[in-house]
Amino acid sequence: MCSYFNLRTIEQIISEGLKLSDMLDSQKSYLAHTPDETLIEHTELTLTYLNAVVEANRLNPIIDKLIKSIIPNREKYIQEWVKQLFVDSISFHDFGKVNVNFQTDKMKNILFKANDDTIGSKHSLLGAYIFVAYYLDLIFKENFDEEDKFLLSGFCLLFSYSIINHHNSELSIEFSKNRFEHYVDEFLKYFEVYKFQIDSRFQKQFFVCFERNLKQSANFITKQNENEFNLWCLLKLQFSLLTASDYYATNHYKSGLRKVYGKDEFGIINTKLSKRIIDNFTITKEYNRNLCSDFKRYLNIPLSDLQEPSFKNLCLLRQKLGAEIIEGINNNKRERVFYIEAPTGGGKTNLSMIAIVRLLDIYKDEITKIFYVFPFTTLITQTHSVLSETFGLADKDIIQLHSKAGFHTKKEENEDGIFGNGRENYIDYMFVNYPICLMSHIKFFDIGKSNNKEKNYILHRLANSIVVIDELQSYSPCEWDKLKYFISNFAEAFNIRFLIMSATLPKIHTIAAGFDIEFNSLVKDVQSRYFQNPNFKDRVQFDFSLIDKYETISISELTNELFTKSIDYHKEHGSVHAIIEFIHKKSTTEFYDSAIQNDDTFTFDEILVLSGTILEPRRKEVIDFLKNPNNRNKNVLLITTQVVEAGVDIDMDLGFKNISLLDSDEQLAGRINRNAKKDKCKLFLFKRDEPFRVYKSDFRFEFSKSLYKNKAERSQILEKKDFKLLYELVMQKINDKNRYVFTKNLQDYIGNIKNLLFGKVDEDFKLIDNDNISFFVPLDIVLNLDGKNFPLYFSKSEYEFLQNHKCIESNLVIGKSVWDVYGSIIINNQSNFVMKTIDLKILGGIISKFTFSMFYSDKLLNDIKPFLQYDEERSSYKKFGYYCFNFDYQEIYDYEKGLDEKKISTDANIF
């Protein structure tokens, strides 16, 4: 990859380029940060970190490729000029700090005297102007042809917007704002400070027509560009590197660091870690060792020999799948997007690790990071545990990024905290300086699409990575065309290897989405060869009798059916673990009450509830109970909403489910007879709650309804695991929408990218389109050291935080105390910013144990207000981002059953 891209490196450009020490008059007089960091020191440190970040993340080929793709027909020296402008836009980012008003107002620098310039003490716009004016002067003095002058001036102007926005919360290119012509006379005098010889007459003439010139030059660049994505991406990458390098340099000074971050401190997969991952993969699990040592043997096992249902054959099928993953990568070494499609029970997580190990072995000189992307936090925590154990990872190697994870550290605290490892841990957390990261799909795609500065900080870290996207079907089909567009383009532009996984995998490559690259299925003909194998297909039998028998089943009828079928299973097997899933929380409560009243018919040892209103500690208790082999002989009933469909590692015997989406029904089947060790396991489907509110914008909902009416089609999809029938209808609808010129569609979205409308690009791509509200329940949670010297539900840093803030009494974490501490830290403006942020990150993990979220509605909130605390100071029920229940919450909330919606007059459709 690297040999083709032979533009000068960032390091060469910096070493051969402008030196602020040669340009700035009275250089030591100008401060960049208080109390005494000079502008030249900060500028040089920023460039040092820029080079360090670029080298660690192997970004030179990425930047070169983007530039070459945007202006492919230009001479190399023009492309070199563009890269020079890219780098110097970062070098110039704080040149505006020579503003005397900045020095007097912000730096309290007594060597300067304030003036009444209309620009005030701002420095970003002045810095952008100095950059633009300096380079426009050079460009128009050089012996370029007119087209090249126009082209380079366009890049110069576009790159200036990162300077303008580097202290703003967002990157934005708005031609009608930040008009330099308003300040040209004020700005020109600062060229004397920099010893620049500038044609002031030309400057004034050019900037009088600034808006028109920018539009014309930007449009000219766009027309040169073969792919609209690459210019948009280059500008985002420039903003990412500018703000990240600036932040690293500022932190370096504020922390008093003695040396610049080394390559390994940026959290990169180096040769040593890569070898450890590969070696440990073959050591920790015998089946992986056998696969790696003899994968050809598993590859060549005839599938005809593995048809008889048995645990042994299921294990051999998993090994054969793994062998085909290895073979698939070997045969497609230069491809970048892969599907891993495996039936429920096929071991997708292990298959992804097999693929990662093979890719690391092949691309050891390219791959620098691994990202796992999930729609559910339960999948993140489960996979974190599996990866850590299988790959032999330490805390410094892997991080979880989601709301319930709290604050992750890889360095122990020094006593001074603020200027020691506390700040370093904060920087590592902010910039994800970890080789392996597990995050939510929202966060991952925000990094790619967002113009928000903090989200864009780590855009550069996506380069040269492996990205595993799990449960792709959980994303709204409305966004599948955009998903394909971004995956295709980022894979090519950033040299990313994507592994896309699901048991019901929508083949999004069939969507017409502009620029396309090959999406490769690592297992060929997986539908006929694996999904139809009895070890997968017959593991759970779908039973439609309740749909055919009842138009809409009542709670009493459903209770009778479940108890009758549980009794039959119990008689034959000695025990039964049954699960019933509803769409609405109200139905779970009604069914729970009915089940309790039918105790004389059949006695369940435990009747458990899981819903979206159950707190995380109770959720963990329930799942641990179900997974405990000591409880396997007990009779257990789990009543739940759709929170168990994916990411909950449980193994039930019988299932009952309110029909919704066909692939959602398959997801619940994945919680039944997971290892194919039992027989006569069934999933009974029924009709009760209307799922419109949950799936109102999901194309699959209407198709699922129509397909359910056709017995042959529903059987084809669910019993034969053939989701192609459903997805072909969905893909057709997406493609039809994108062809219809009078409907807002993908072409409009691509138009926003082409026109560099960064805010619209972010705003018009939403993986979740529901407004949620979060509630804090001030109950007490059992700390439960469990004889292992660590809390059951809280991390080490959370436990220490709770101890230090006196939130623990008699082995209980006191919810009221947690809420009080949270409020006091938020309103404490005297605290050190970094330590306050760390405290809030740690508290975020703690708070998540006490909170649940629901879809917002005015009626729901009005009905629940009598049970909430009212904030007199803010005249609001919402405080610090949450609605907090009264301290006598028991009237409305139960730890084991969740929210009591019977106390709410509205039919709230809680999920």
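## Focus on the overall build of the chain
Point 1. Counting its regular elements, the chain contains 39 helices and 24 strands.
Point 2. Whereas a compact globule of 911 residues would reach a radius of gyration of roughly 29 Å, the chain reaches 30 Å, a difference of no more than 12%.
Point 3. The C-alpha extent of the chain, read off along each of the three principal axes, is 95 × 65 × 55 Å.
Point 4. Out of the 911 residues in the chain, the part that is buried amounts to 60%.
Point 5. Partitioning the intrachain contacts of the chain with sequence separation of at least 6 by distance along the chain shows that 78% fall at a separation of at least 24.
Point 6. A total accessible area of about 36,400 Å² is found for the chain, and carbon and sulfur atoms account for 47% of it.
Point 7. With 117 positive and 127 negative side-chain charges, the chain shows a separation of 2 Å between the mean positions of the two kinds.

## A word on the pattern of salt bridges
Point 1. Taken as a whole and assessed by the stated rule, the structure comprises 50 salt bridges.
Point 2. The residue K65 makes a salt bridge to E492 at a minimum N-O spacing of 3.0 Å. Separated by 427 residues along the polypeptide, K65 in helix α4 (residues 60-70) and E492 in helix α22 (residues 480-493) bring together distant segments of the chain.
Point 3. For E492, a relative accessible area of 27% gives the class partly exposed.
Point 4. One salt bridge in this structure joins K97 and D94, with 3.2 Å as the shortest N-O distance. For the pair K97 and D94, a shared accessibility class is recorded, and that class is buried.
Point 5. Residues joined in a network through salt bridges with shared partners are D446, K449, K455 and D762.

## Concerning empty space enclosed by the protein
Summary: where empty space remains is shown by rolling a probe the size of a single water molecule over the atoms.
Point 1. For the structure shown, the criterion picks out 2 cavities of 30 Å³ or more.
Point 2. The space that makes up the largest cavity amounts to roughly 70 Å³.
Point 3. Lining the largest cavity, in full, are F444, F445, G448, K449, L462, F486, I487, F490 and F498.
Point 4. Sorting the residues of the lining of the largest cavity by element identifies α20 (441-449) and α22 as the ones contributing at least two each.
Point 5. Tallying contributions element by element places α20 first for the lining of the largest cavity, with 4 residues.

## Structural notes on the environment of E896
Point 1. Along the chain, the position of E896 falls in the loop between β23 (893-894) and β24 (898-899).
Point 2. With near-sequence residues (within four places) excluded, E896 lies in contact with V609, I614 and R618.

## A few points about the sheet that holds strand β19 (residues 812-814)
Whenever strands of a sheet pair, they do so through backbone hydrogen bonds, lying parallel or antiparallel.
Point 1. Pairing is antiparallel across the open sheet formed by 3 strands, whose spatial order is β17-β19-β18. Either end of the sheet is taken by a strand with one partner, and the two such strands are β17 (780-782) and β18 (808-809).
Point 2. Bridge count for β18 against β19 is 2 bridges, and the pairing is antiparallel. When the bridges of β19 are listed, I808 appears paired with V813.
Point 3. Contacts between helix α37 (residues 815-826) and the sheet are confined to β17 and β19, with β19 contributing the most and set at about 45° to the helix.

## Quick notes on helix α8 (residues 146-165)
Point 1. Over its 20 residues, α8 runs 29 Å from end to end, which matches the ideal 28 Å to within 8%, given 1.5 Å per residue.
Point 2. The element α8 is largely enclosed, with a buried count of 17 among its 20 residues.
Point 3. The N-terminus of α8 is capped by D145, whose side-chain oxygen sits 3.2 Å from the backbone nitrogen of E147.

## Quick word on the sheet that holds strand β10 (residues 541-543)
Point 1. One open sheet holds the 6 strands; their spatial order is β10-β15-β14-β11-β13-β12, and the pairing between them is parallel. Of all the strands in the sheet, the pair left with one neighbour each is β10 and β12 (606-610). Going from strand to strand, the sheet's axes swing by 15° on average, the running direction of each strand aside.
Point 2. Here 4 bridges tie strand β11 (residues 577-581) to strand β14 (residues 654-658), and the two strands are oriented parallel to one another. Directly across from I579, in β14, lies its bridge partner G655.
Point 3. Lying on the sheet, helix α26 (residues 555-573) is in contact with β11, β13 (636-640), β14 and β15 (682-686); it crosses β14 at an angle near 165°.
Point 4. Here helix α28 (residues 616-627) sits on the sheet in contact with β11, β12 and β13, set at roughly 135° to β12.

## Here's the deal with the environment of S69
Point 1. For S69, the position within the fold is in helix α4.
Point 2. We classify S69 as buried; its relative accessible area is 18%.
Point 3. Separated by 282 residues in the primary sequence, S69 and L351 place their C-alpha atoms 35 Å from one another.
Point 4. Side-chain polar atoms of S69 contact the backbone oxygen of L66, separated by 2.8 Å.

## Digging into the nonpolar core
Point 1. Formed by 257 residues in total, the largest nonpolar core has its most connected members in F155, F494 and F885.
Point 2. The greatest single-element share of this core, amounting to 14 residues, is contributed by helix α12 (residues 228-255).
Point 3. Discounting residues that sit within four places of it in the chain, F494 has contacts with I62, L66, C233, L237, L459, L462, A463 and N464.

## So, the packing of α8 against α12
Point 1. The contact between α8 and α12 brings their axes to 9 Å, and the two run at 40°. With respect to α12, the axis of α8 lies oblique. Note on packing geometry: the crossing formed by α8 with α12 is right-handed. Across the interface between the two elements, F155, L158, F159, S162, I163 and N165 from α8 touch L231, L234, L235, Q238, F239 and L242 from α12.
Point 2. Partitioned by chemical class, the residues of the contact of α8 with α12 number 9 nonpolar, 3 polar and no charged.

Rules behind the numbers
- Residues numbered from 1 in each chain as written.
- Predicted model: local features only at pLDDT ≥ 70, side-chain atom pairs only at ≥ 80, totals over all residues.
- Heavy atoms only, no water.
- Helix = DSSP H or I, 4+ residues; strand = E, 2+ residues; numbered from the N terminus.
- Rg over C-alpha atoms; globule rule 2.2 N^0.38 Å.
- Buried < 20%, exposed > 50% of the residue type's maximum accessible area, 1.4 Å probe, protein only.
- Contact = heavy atoms within 4.5 Å.
- Areas by Shrake-Rupley, 256 points an atom, 1.4 Å probe, with all protein chains shown as cover.
- Lys, Arg positive; Asp, Glu negative; His and termini not counted.
- Charge placed at Lys NZ, Arg CZ, Asp CG, Glu CD.
- Salt bridge = Lys/Arg side-chain N within 4 Å of Asp/Glu carboxyl O.
- 1 Å grid on protein atoms, 1.4 Å probe; cavity = no way out; pocket = protein on both sides within 12 Å on 5 of 7 lines; lining within 4 Å.
- Points joined across faces, edges and corners; volume = space filled by probe spheres on them.
- Pairing = 2+ DSSP bridges.
- Axes fitted to C-alpha atoms, helices over the stretch in contact; angles between N-to-C directions.
- Expected span 1.5 Å × (residues − 1).
- Polar contact = N/O pair within 3.5 Å; in protein donor to acceptor, adjacent residues only side chain to side chain.
- Core = buried A, V, L, I, M, F, W, Y, C linked by side-chain atoms within 4.5 Å.
- Parallel < 35°, antiparallel > 145°, perpendicular 65-115°, else oblique.
- Left-handed = near helix turned anticlockwise from the far one by under 90°.
- Nonpolar A, V, L, I, M, F, W, Y, C, P; charged D, E, K, R; others polar.

Just distances and angles here, no functional claims.
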